[in-house]
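Letter by letter, the chains look like this.
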Amino acid sequence: MTDFQEVYDLYFQDVYRYALSLSRDPLVAEEITQETFFKALKAIDSFRGQCRLCVWLCQIAKNTYFTYAGKRRMEAGEQETASGESPEEKLLQKESAFEIHRLLHNLQEPYKEVFSLRVFGELPFQQIGELFGKTESWARVTYHRARLKIKEEMV
């Protein structure tokens, strides 16, 4: 047990920071980190040493987070279904979503791609900027302008 305590002490901050980068919520990151070390303790005998221990722990953290996020999405979906929305309300939401997709389809580049990467790809502005060989600020401004163009067309 002493050896695992050393692993915990050595890698806790790394795993926590990684979980925080995934979740962007300190409480969720702490929960994911604790669950990660619990799973790692149970499976430490299966660690084959093909990668660094920190990488293995972060892989467990990533899988734990994705499981957690999937459950949250399912719970949110169940709450929406239980909210008692009428079929007409659901249809209106689908129609407005289709209208947004139609407007997005007619949007000029780079606005279309930046908006899609941000909304559908859930990429951070920094990565969007890197894809275009531009700055994070450029990605933010382009995304904002794309949103304005879509809003103008919807009115």
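Refer to the structure above for everything that follows.
Predicted model, so just to flag it, every value in this text is computed and none were measured.

K.L.:
Summarise the overall build of the protein; cite the residues concerned and give the values.
P.N.:
Each helix and strand counted, the protein has 7 helices and 0 strands in total. Order of helices (α) and strands (β) in the protein, N terminus to C terminus: α-α-α-α-α-α-α. Expressed as a percentage of the 155 residues in the protein, the buried residues total 26%. Across the protein, contacts joining residues at least 24 apart in sequence account for 53% of those joining residues at least 6 apart. Carbon and sulfur atoms form 53% of the exposed surface of the protein, whose accessible area is close to 11200 Å².

K.L.:
How would you sum up the nonpolar core? Please name residues and give values.
P.N.:
Of all hydrophobic cores here, the largest spans 21 residues; its most connected members are Tyr 11, Phe 37 and Leu 57. Looking at which element gives the most residues to this core, the answer is helix 3 (residues 53-82), with 9 residues. In this structure Phe 37 touches Phe 4, Val 7, Tyr 8, Tyr 11, Phe 12, Val 15 and Leu 57, once residues within four positions along its chain are discounted.

K.L.:
Just give me the short version of the packing of aromatic side chains, but keep the residues and values in it.
P.N.:
Within the structure shown, the criterion is met by 9 aromatic pairs. Where Tyr 8 meets Phe 37, the ring centres are 4.9 Å apart and the plane angle is 70°; that geometry is what we call edge-to-face. On the criterion of sequence distance, the pair formed by Tyr 8 in helix 1 (residues 2-23) and Phe 37 in helix 2 (residues 26-43) is long-range, its members being 29 residues apart. A relative accessible area of 24% places Tyr 8 in the partly exposed class.

K.L.:
If you had to explain the environment of Thr 67 to someone new, which residues and values would you point to?
P.N.:
The residue Thr 67 is located in helix 3 in this model. For Thr 67, a relative accessible area of 43% translates into the label partly exposed.

K.L.:
Just give me the short version of the packing of helix 5 (residues 111-119) against helix 7 (residues 136-154), but keep the residues and values in it.
P.N.:
The description of two packed helices rests on the angle between their axes and on the distance between the axes. Running from N to C, helix 5 and helix 7 cross one another at 100°; their axes reach a closest spacing of 9 Å. Relative to helix 7, helix 5 is oriented roughly perpendicular. Judged by residue contacts, Tyr 111, Val 114, Phe 115, Arg 118 and Val 119 of helix 5 engage Trp 138, Ala 139, Thr 142, Tyr 143, Arg 145, Ala 146, Arg 147, Lys 149 and Ile 150 from helix 7. Its residues placed into classes, the contact of helix 5 with helix 7 shows 9 nonpolar, 1 polar and 4 charged.

K.L.:
A description of the environment of Glu 30 should follow, citing residues and the corresponding values.
P.N.:
On the secondary structure map, Glu 30 appears in helix 2. Look at Glu 30 and you get partly exposed, because its relative accessible area is 44%.

K.L.:
Talk me through the environment of Thr 36; I want residue IDs and the actual numbers.
P.N.:
Its place among the elements puts Thr 36 in helix 2. Residues Thr 36 and Lys 62, 26 residues apart in the sequence, show an inter-C-alpha distance of 8.8 Å. Ignoring anything within four residues of it in the chain, the contact list for Thr 36 reads Val 15, Leu 57, Ile 60, Ala 61 and Thr 64.

K.L.:
Could you give an account of helix 7, with specific residues and numbers?
P.N.:
End to end, helix 7 covers 27 Å across 19 residues, agreeing with the expected 27 Å (1.5 Å per residue, within 8%). Of the residues making up helix 7, those classed as buried are Ala 139, Thr 142, Tyr 143, Ala 146 and Ile 150. For helix 7, the angular spread of the buried residues around the axis is 100°, confining them to a single face. Exposed side of helix 7, more than 90 degrees from the buried face: Ser 137 and Glu 152 are the residues found there.

K.L.:
Lay out the packing of helix 5 against helix 6 (residues 125-132) in plain terms, naming residues and giving numbers.
P.N.:
Two elements in contact, helix 5 and helix 6, have axes whose closest approach is 10 Å; the angle formed by their N-to-C orientations is 145°. Where helix 5 crosses over helix 6, the two elements pack in a sense that is right-handed. Judged by residue contacts, Glu 113, Val 114, Leu 117 and Arg 118 of helix 5 engage Phe 125, Ile 128, Leu 131 and Phe 132 from helix 6. Considered class by class, the residues forming the contact of helix 5 with helix 6 number 6 nonpolar, no polar and 2 charged.

Rules behind the numbers
- Residues numbered from 1 in each chain as written.
- Predicted model: local features only at pLDDT ≥ 70, side-chain atom pairs only at ≥ 80, totals over all residues.
- Heavy atoms only, no water.
- Helix = DSSP H or I, 4+ residues; strand = E, 2+ residues; numbered from the N terminus.
- Buried < 20%, exposed > 50% of the residue type's maximum accessible area, 1.4 Å probe, protein only.
- Contact = heavy atoms within 4.5 Å.
- Areas by Shrake-Rupley, 256 points an atom, 1.4 Å probe, with all protein chains shown as cover.
- Core = buried A, V, L, I, M, F, W, Y, C linked by side-chain atoms within 4.5 Å.
- Phe/Tyr/Trp six-rings, centres within 6.5 Å; stacked < 30°, edge-to-face > 60°.
- Axes fitted to C-alpha atoms, helices over the stretch in contact; angles between N-to-C directions.
- Parallel < 35°, antiparallel > 145°, perpendicular 65-115°, else oblique.
- Nonpolar A, V, L, I, M, F, W, Y, C, P; charged D, E, K, R; others polar.
- Expected span 1.5 Å × (residues − 1).
- Arc of directions from axis to C-beta.
- Left-handed = near helix turned anticlockwise from the far one by under 90°.

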